[in-house]
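Coordinate analysis (summary)
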Amino acid sequence: MYGWRARIGLIVPSSNTTMEPEMWRLVPSGVSIHTARVKLEKVTVEELLAMEKEASYAARLLATADVDLIVYGCTTGSLVGGPGYDEKITKSLEEASGKPAIATATAVVEALRFLDAKRVALATPYIDEVNEKEVRFLEHHGFEVVDLKAFRIEKNTDIGKTPPEKVYRLARSLDTSRADAVFISCTNLRTIEVIDPLETDLGLPVISSNTATAWLALRRLGIKEAGFPAGRLLKSL
């Protein structure tokens, strides 16, 4: 049986082509990923908010696979509604499914706190209206965003086509002189191959939306290893 150690139910935007393959690599043997999708084509505030309407139904479907945990796998989709929006989504997923749940935005906050990072350099693929929401979310949780660089891509499938070497270059372009950590945002941005090189070259911990999500999911499930331990965060398991 797949998932003999744990089964993770993953809810992703319908146009996300990166999080599933990265999560399969990040979890260790015996942990399986089972995915449902909610509609999103463009990473705009309007479409991100609309995803919530379909999320509870997706959670109910995943519960029929007897998953152990449900993950809302979208960073800005779980913070776009303002402070507490990630907690609201998590509660609605738990009520709909009868299963524990986490959201990527929550995982990012917990990961940065675990790393004792108070000042964050932020790299994203997002347009300005979405970047503004993310900065406000991080500031609400007590983090200072010391620099931000973005690709400013609206179409989500184009985000998914971005090669990891471009992500590396974007992160390297950040001013990290005052940063405690680097955060590369978006579950549809391919990152895991460049986390370790970035940590080596920058001398700082580096997390992405997917490494933070995998880390928190595995911690909640009591799994003490990662399949692909990208970065200090996942090595800490």
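Residues numbered from 1 in each chain as written. Predicted model: local features only at pLDDT ≥ 70, side-chain atom pairs only at ≥ 80, totals over all residues. Heavy atoms only, no water.

Overview of helix α4 (residues 104–114)
Of all eleven residues that make up α4, eight are buried, and the element is covered over most of its length. Residues T104, A105, T106, A107, V108, V109, A111 and L112 constitute the buried set of α4. In the segment just after α4, D116 is the residue with positive phi, at about 55°. (Buried < 20%, exposed > 50% of the residue type's maximum accessible area, 1.4 Å probe, protein only. Helix = DSSP H or I, 4+ residues; strand = E, 2+ residues; numbered from the N terminus.)

Overview of the packing of aromatic side chains
Tallied over the full model, the rule gives one aromatic pair. Each ring, one from F114 and one from W215, has its centre 5.2 Å from the other, and the planes form 50°; the classification is tilted. One end of the pair, F114, is in helix α4; the other, W215, is in helix α9 (residues 209–221), with 101 residues separating them in the sequence. Since its relative accessible area comes to 40%, F114 is described here as partly exposed. (Phe/Tyr/Trp six-rings, centres within 6.5 Å; stacked < 30°, edge-to-face > 60°.)

Observations regarding the sheet that holds strand β1 (residues 6–13)
Pairing is parallel across the open sheet formed by four strands, whose spatial order is β2-β1-β3-β4. Either end of the sheet is taken by a strand with one partner, and the two such strands are β2 (31–38) and β4 (101–103). Strand-to-strand, the axes of this sheet are offset by a mean angle of 20°, without reference to chain direction. In this sheet, β2 lies alongside β1 in parallel orientation, the contact comprising eight bridges. Across the sheet, the residue bridging to I11 is A36, located in β2. (Pairing = 2+ DSSP bridges. Axes fitted to C-alpha atoms, helices over the stretch in contact; angles between N-to-C directions.)

Regarding the pairing of strand β5 (residues 119–124)
A regular strand places its side chains on the two faces of the sheet in alternate fashion. The element β5 is largely enclosed, with a buried count of five among its six residues. Judged from the six bridges that link them, β5 and strand β6 (residues 144–150) form a sheet pairing that is parallel. Bridge pairing in β6 places L122 opposite L148. The handedness of the β5 to β6 crossover, carried by helix α5 (residues 128–140), is right-handed. Pairing of β5 with strand β7 (residues 181–184) involves four bridges; the strand directions are parallel. Counted as the bridge partner of A121 is V182 from β7. (Right-handed = clockwise from strand over helix to strand, strands pointing away.)

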